[in-house]
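Structural features, examined
One-letter residues, chain by chain:
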Amino acid sequence: MAVHVDLDARSYRVHFRPLRRLPDLLDEADLSPGRALLVTDENVAAHYRTPLTTTLESAGWTLKTIVLPPGESTKSADALHRIYDEALHWGIDRQTPVFALGGGVVGDLAGFAAATLLRGVPLVQLPTSLLAQVDASVGGKTAINHETGKNLIGAFYQPRLVCADPDTLDTLPMDEYTGGMAEVVKHALIGDVALMAHLEDHLVPVFSRRDRQAVADTIERAVRVKAEIVAADERETGRRALLNFGHTFAHAIETVAGYGTFSHGEAVAVGMRAGLYLSHRRHPEAIPRDRADHLIRAIPVDADPSALPFDALYDAMAADKKNEGGTIRFVLLRRLGDAYVTGDVSRAEAEQAWQFACAPRNADRP
C-alpha cells in the first residue's frame, strides 16, 4: 500500500510498510547500499535504533547515527550544526542519504540538513509519529525554528521516499497520538468530506487506537489529501496554503506560550476552532459549526489557551512568514471540504474567534 506524490521527475511514494522492509524500498528508489546518516532522537532510538540498524547493516549499509534530545527545542541552529559537523567530519558525499527516523522535529531538522549538506543529499523520511506520518514527512517542508517564530529558516526539499510504519504508533504516547489527529481532522475539513464522515463513524476506535484497520485507513486517506495538494502546489504559491487551516493561530500560540507548553497538535486544535468560528461567521448556512466543532473537540488540549494574552498572539500572527504585504492571512472554510485563504479578517474578528476557541465545551458561545 502506497500513496504517490506526483511531482514529475521528483515524484516519490509514501509507503505504509514495516521498517524491516526498508532495504527493499530503498532499492526501488535507486538508493544502493553504502554509507548513510541516521538521525533520530533519544525516545525513538530506544525503540527502533537497534532493529533498524540491524536491518540496514544486514543489507549492506554502513551507518553513522546521530541521536538528539527529544522535543521542539531540538529544531534549532545548534542541533543543525551538530549534524553538519558529524556528517562532514565523517566524510559524506552527495550520494550519502540522510535517514530521518522520528517525529516532525527530527523530520524537519534532518530534512533541512539533507537539503543543505553539499547542496543536497538524498533524504529518506521514516516518520514514527502520527503527526509526521500524515503531515510533516510529506511535501518537502524542512525547517528549524528561530526565536521570533516557528519554521522561519528552512527549505522545500522533497524526500526520495517515505516509509511510514503503522506499527511505530504502538509506542507513541497517547497525547502525541491524539495531537497528531489534529492534522488528520484538518485534512478532512479542508479537503475530504468523506474522511470527515469516516472519522465521525469511527471516532472512538480511531482516537483510542483500538481498531488498527480503521487507523490505517485514516492515515492513508489523510496522506492522500496532502499528496494531492502538494502535487498541485509544491512551493505554497497557491492551493498548498490551505494546509495552514488553524495554523495562523497555532504558530502564534506556540511562539507566545513557549515551545513545548502546547504540543503542535493542541495548538492546531485551538487554532482550528478559531478558524471554524470565522468560517461560520462568513458562511453560516454552509458551515455546520456544531458538527465540525464536535470533531475538533475530540482532540484533547491539556494546557489553558485562555491564559495567553490576545495582544501578544496578534503580534505573533503579524510576524507570520505566510503574511503578504503586512496582511495576516487566514485559511477559512467556504463549506466542509472547501477552503480558501483570505486577508480580510479584522483584529476585532480575530479576537472574537480567539474567545470562541478558548471557551469551555459547554460555555455560551459568542
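Predicted model, so just to flag it, every value in this text is computed and none were measured.

1. Side note on the packing of aromatic side chains
Under the criterion given, the structure shown has five aromatic pairs. A ring pair is formed by Phe249 and Phe330, whose centres lie 6.0 Å apart and whose planes are at 50°; its orientation type is tilted. A residue pair is termed long-range when its members are at least 10 positions apart, and Phe249 in helix α10 (residues 247-257) and Phe330 in strand β10 (residues 330-335) qualify at 81 residues. For the pair Phe249 and Phe330, a shared accessibility class is recorded, and that class is buried. Chaining the aromatic ring pairs together yields one cluster made of Phe249, Phe330 and Trp354. Directly above the ring of Tyr177 sits Arg209, whose terminal nitrogen or CZ lies 5.0 Å from the centroid.

2. Section: helix α4 (residues 104-116)
Every α-helix winds through 3.6 residues per turn, so residues three or four apart in the chain are directed the same way. With 13 residues, α4 ought to run about 18 Å at 1.5 Å a step, and its terminal C-alpha atoms sit 18 Å apart, in line with that. Most of α4 sits out of view: twelve of its 13 residues are buried. All buried positions along α4 are accounted for by Gly104, Val105, Val106, Gly107, Asp108, Leu109, Ala110, Gly111, Phe112, Ala113, Ala114 and Ala115. Positive backbone phi, at 50°, marks Leu118, one or two positions downstream of α4.

3. With respect to the environment of Ala164
Examined against the element boundaries, Ala164 turns out to sit in the loop between β9 (161-163) and α6 (174-191). Taking the C-alpha atoms as reference, Ala164 lies 8.8 Å from Ser137; in sequence the two are 27 residues apart. With residues up to four places along the chain from it excluded, the contact list for Ala164 reads His15, Phe16, Arg17, Pro127 and Gln133.

4. Here we look at the nonpolar core
The biggest cluster of nonpolar side chains holds 79 residues, and the ones touching the most others in it are Val14, Val185, Leu189, Leu199, Met272, Phe330 and Trp354. Grouped together as the second largest cluster of nonpolar side chains are 22 residues, Ile66, Leu68, Ala79 and Phe112 included.

5. Overview of the packing of α6 against helix α9 (residues 212-232)
As a packed pair, α6 and α9 sit with axes 10 Å apart at the nearest point and diverge in direction by 55°. Classified by the angle their axes make, α6 and α9 are oblique. In this structure, α6 crosses over α9, and the sense of that crossing is left-handed. In contact with Tyr177, Val184, His187, Ile190 and Gly191 of α6, α9 contributes Val215, Thr218, Ala222, Val225, Lys226 and Ile229. A per-class count over the contact of α6 with α9 returns seven nonpolar, three polar and one charged.

Rules used throughout
- Residues numbered from 1 in each chain as written.
- Predicted model: local features only at pLDDT ≥ 70, side-chain atom pairs only at ≥ 80, totals over all residues.
- Heavy atoms only, no water.
- Phe/Tyr/Trp six-rings, centres within 6.5 Å; stacked < 30°, edge-to-face > 60°.
- Helix = DSSP H or I, 4+ residues; strand = E, 2+ residues; numbered from the N terminus.
- Buried < 20%, exposed > 50% of the residue type's maximum accessible area, 1.4 Å probe, protein only.
- Lys NZ or Arg CZ within 6 Å of the ring centre and 35° of its normal.
- Expected span 1.5 Å × (residues − 1).
- Contact = heavy atoms within 4.5 Å.
- Core = buried A, V, L, I, M, F, W, Y, C linked by side-chain atoms within 4.5 Å.
- Axes fitted to C-alpha atoms, helices over the stretch in contact; angles between N-to-C directions.
- Parallel < 35°, antiparallel > 145°, perpendicular 65-115°, else oblique.
- Left-handed = near helix turned anticlockwise from the far one by under 90°.
- Nonpolar A, V, L, I, M, F, W, Y, C, P; charged D, E, K, R; others polar.

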